[in-house]
Amino acid sequence: MTTQTDFEIFLTAPPGLEAVLCEEVRLKGFKRPQAVPGGVVTRGGWADIWRANLWIRGATRVLARIDAFHVKHLAHLDDRARRVDWAAVLRPDVPFRVEASSAASRIYHAGAAAERIGKAIRETLGAPCDPENAVIVVRARIERDLCTISVDTSGTLLHRRGHKEAVNRAPMRETMASLFLRQCGFDGSETVIDPMCGSGTFVIEAAEIAARLNPGRSRHFAFEHLATFDAQAWQSMRDVRRESPPGARFHGRDRDAGAIAMSRANAERAGVTDRTDFQQGTISELEPPEGPPGLVIANPPYGTRIGDKGKLVPLYRTFGRVLKERFPGWRVAIVTAEAGLARATELPFRPTGAPVPHGGLRVTLYQTDPLA
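Cut-offs used in this document
In this numbering scheme, every chain counts its residues from 1 along its sequence in written order. In view of the model being predicted, local features appear only for residues whose pLDDT reaches at least 70, and side-chain atom pairs are presented and counted only at 80 or more, with totals across whole chains, interfaces and linings using the full set of residues. To get the side-chain values, all heavy atoms of the structure are used, and hydrogens and water are removed first. Secondary structure counts use DSSP, requiring at least four H or I residues in a row for a helix and at least two E residues in a row for a strand, with both numbered from the N terminus. Classification of residues uses two cut-offs on accessible area relative to the type maximum, computed with a 1.4 Å probe and protein chains only: under 20% is buried, over 50% is exposed, and between them is partly exposed. We call two residues in contact whenever any of their non-hydrogen atoms come within 4.5 Å of each other. Any pair of nitrogen or oxygen atoms within 3.5 Å is treated as a polar contact; in protein, a donor-acceptor pairing is required on top of that, and neighbouring residues in sequence qualify only through side-chain atoms on both sides. Lining residues are those with an atom within 4 Å of a point, where the points come from a 1 Å grid over the protein atoms alone and group into cavities, where a 1.4 Å probe fits but cannot get out, or pockets, open sets with protein on both sides within 12 Å along at least five of seven lines. Grid points are joined across faces, edges and corners, and a volume is the space filled by probe spheres set on the points. In this classification, Asp, Glu, Lys and Arg are treated as charged, Ala, Val, Leu, Ile, Met, Phe, Trp, Tyr, Cys and Pro as nonpolar, and every other residue, Gly included, as polar. For two strands to count as paired, DSSP must find a minimum of two bridges between them. Viewed with both strands pointing away, a crossover whose connecting path from the first strand over the helix to the second turns clockwise is right-handed. The axes are straight lines fitted to the C-alpha atoms, using for helices just the contacting stretch, and the angles between their N-to-C directions are given from 0 to 180°. In this description, a nonpolar core means a group of buried Ala, Val, Leu, Ile, Met, Phe, Trp, Tyr and Cys residues linked to one another through side-chain atoms lying within 4.5 Å. Salt-bridge detection follows one rule: a side-chain nitrogen of Lys or Arg within 4 Å of a carboxyl oxygen of Asp or Glu.

### A few points about unusual backbone geometry
- Positive phi, normally seen in glycine, also occurs at A104, with a value near 50 degrees.
- By secondary structure assignment, the location of A104 is in the loop between β5 (96–103) and α4 (110–125).
- Residue classification places A104 among the exposed residues on the basis of a relative accessible area of 63%.
- Phi is positive for R144, close to 55 degrees, though the residue is something other than glycine.
- Tracing the sequence through the fold places R144 in the loop between β6 (136–143) and β7 (146–152).
- A relative accessible area of 64% means that R144 is categorised as exposed.

In structure tokens:
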């Protein structure tokens, strides 16, 4: 059973980026984090749940694992679910829903499992099971007859920082952008340029990392509606500010004037206008800013319809040529779903890791060492 001070916490990550998230969790001081398929496992109490939601940039959501038990059939699940100390976690006045999954288990009907658990909560705690208006989501995963009960403490996915009201057609999620920046070795101390910035995600995320701003500082979380919530303690945690003085600057470029306006508005809402610079311009006009070399990172278009990829080859060729001619000493990273387009840059990319799911596709981060 859950205690107030030590239970399992699961932070979800895009498949393929678990190790990157694990390093972030470790550096933020969480207890013995371990990368597992789909995320990172650590241990802690409810204050650690709050910190994870407030501090961790790469996690998609944070789950509190409140119980686990073996079950053989639905009647067994019903009995065991009624013995969970729901009152220690959930509030009787807050609507909830149950989401269940099952794999390699004798209970194979996930919908029936969710119904039994929901009924157990409703009848033992009195909380309304209301899928349409649920504030809290209880998750049950039954794998090899082991049922793990978790509460989603995040609510809205964590990439929704509360700053980006305007987005372009294929936005990079903030959580994924932060993990890609970490993979590139970015720690906030060097200049970053995104020459195809769209709504400014890479640039704003890099500026926030440099400023040491908490990613969850401007939003609310599901855990604020749990029985374990302490509003005063949470406010004290949120009030801590560790913002660093301006140092490196972060630059976004895009050929589209609307994208630049979007990025500037998003940067202003995020509070990083003093660290960012967004200007309209084409790839062929790109020049390095004054100062030491840093990181060029981009999420260029990669085409999803027949014929699109061929039309994009000149863009990638120009991108590679400009960087090789004008950006000696800079590292380059691009995110693309097409290896052929990456090769069209003729940049000296290092061996890549596994592709990562993004927007219905699988994308790969291509990186170079400092260009000669």
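### Regarding the environment of R331
- Turning to its location among the elements, R331 is positioned in strand β12 (residues 331–336).
- The class for R331 is buried, based on a relative accessible area of 18%.
- For the pair formed by R331 and V192, sequence separation is 139 residues and the distance between their alpha carbons is 9.7 Å.
- Leave out the neighbours within four places in its chain, and R331 touches C184, G185, F186, E190, G294, L295, V296, T368, D369 and P370.
- Here the side chain of R331 touches C184 through a polar contact of 2.8 Å, landing on its backbone oxygen.

### A word on empty space enclosed by the protein
- Under the defined criterion, the tally for this structure stands at three cavities of 30 Å³ or more.
- In this model, the largest cavity occupies a volume close to 80 Å³.
- Surrounding the largest cavity, R161, H163, K164, E174, G200, T201, I204, E205, E208 and N266 form its lining.
- Top element by residues in the lining of the largest cavity is helix α6 (residues 201–211). It accounts for four residues.
- Here the lining of the largest cavity is composed, by residue class, of one nonpolar, four polar and five charged.
- Space inside the second largest cavity adds up to approximately 40 Å³.
- Forming the walls of the second largest cavity are N53, I56, L158, R160, R161, P215, G216, R219 and F221.
- Here the residues of the lining of the second largest cavity sort into four nonpolar, two polar and three charged.

### Observations regarding the side chain of S178
- Mapped onto the secondary structure, S178 falls in helix α5 (residues 174–183).
- Among the polar contacts made by the side chain of S178, one reaches the main-chain carbonyl oxygen of T175 at a distance of 2.7 Å.

### Looking at the pairing of β6
- The sheet contact formed by β5 and β6 spans eight bridges and is parallel. Residue pairing across strands places A103 opposite E143, the latter belonging to β6.
- Between the parallel pair β5 and β6, the chain is carried across by α4, and the sense of this crossover is left-handed.
- Where β6 lies against β7, seven bridges are found, and the strand directions are antiparallel. Among the inter-strand pairings, R141 is bridged to a residue of β7, identified as T148.
- Taking the residues between adjacent antiparallel strands as the criterion, β6 and β7 are bridged by two residues, where R144 takes a positive phi near 55 degrees.

### Some words on helix α3 (residues 74–81)
- Buried within α3 are the following residues: L77, D78, R80 and A81.
- Buried residues along α3 sit in contact with β4 (62–70), α4 and β7.

### A short note on the pairing of strand β2 (residues 31–36)
- Relative to strand β3 (residues 39–44), β2 runs antiparallel, the two sharing four bridges. Paired with Q34 across the bridge in β3 is V41.
- The turn joining β2 and β3, which pair antiparallel and follow one another in sequence, is formed by two residues; a positive phi near 95 degrees is taken by G38.

### So, the sheet that holds strand β8 (residues 192–194)
- Read across the open sheet, the seven strands follow the order β10-β9-β8-β11-β12-β14-β13; overall the sheet is mixed. Of all the strands in the sheet, just β10 (276–280) and β13 (356–358) have a single pairing partner and so form its edges. On average, each strand axis in the sheet is tilted by 25 degrees relative to the strand beside it, whichever way the strands run.
- Relative to β12, strand β11 (residues 295–298) runs parallel, the two being bridged by four bridges. Bridging across to β12, I297 finds its partner in A333.
- Along the sheet, α6 makes contact with β8, β9 (250–254), β10, β11 and β12, crossing β9 at roughly 175 degrees.

### Observations concerning the nonpolar core
- By size, the foremost hydrophobic cluster in this structure holds 110 residues, and its most contacted members are W86, L90 and F319.
- The biggest single contributor to this core is α6, with seven residues.
- Among residues more than four places away in sequence, those in contact with F319 are P195, M196, I283, V296, A298, V332, I334, T345 and L347.

### Overview of the pattern of salt bridges
- Using the criterion set out here, one finds 29 salt bridges in the structure.
- The closest approach of N and O atoms between R43 and D6, which form a salt bridge, is 3.3 Å. With R43 in strand β3 and D6 in the segment before β1 (7–12), this pair connects stretches of sequence that are 37 residues apart.
- You can call R43 partly exposed: its relative accessible area is 31%.
- The exposure class assigned to D6 is partly exposed, which follows from its relative accessible area of 31%.
- We note a salt bridge from R253 to D277, for which the minimum N-O separation is 3.0 Å.

Coordinates in, geometry out; function isn't part of it.
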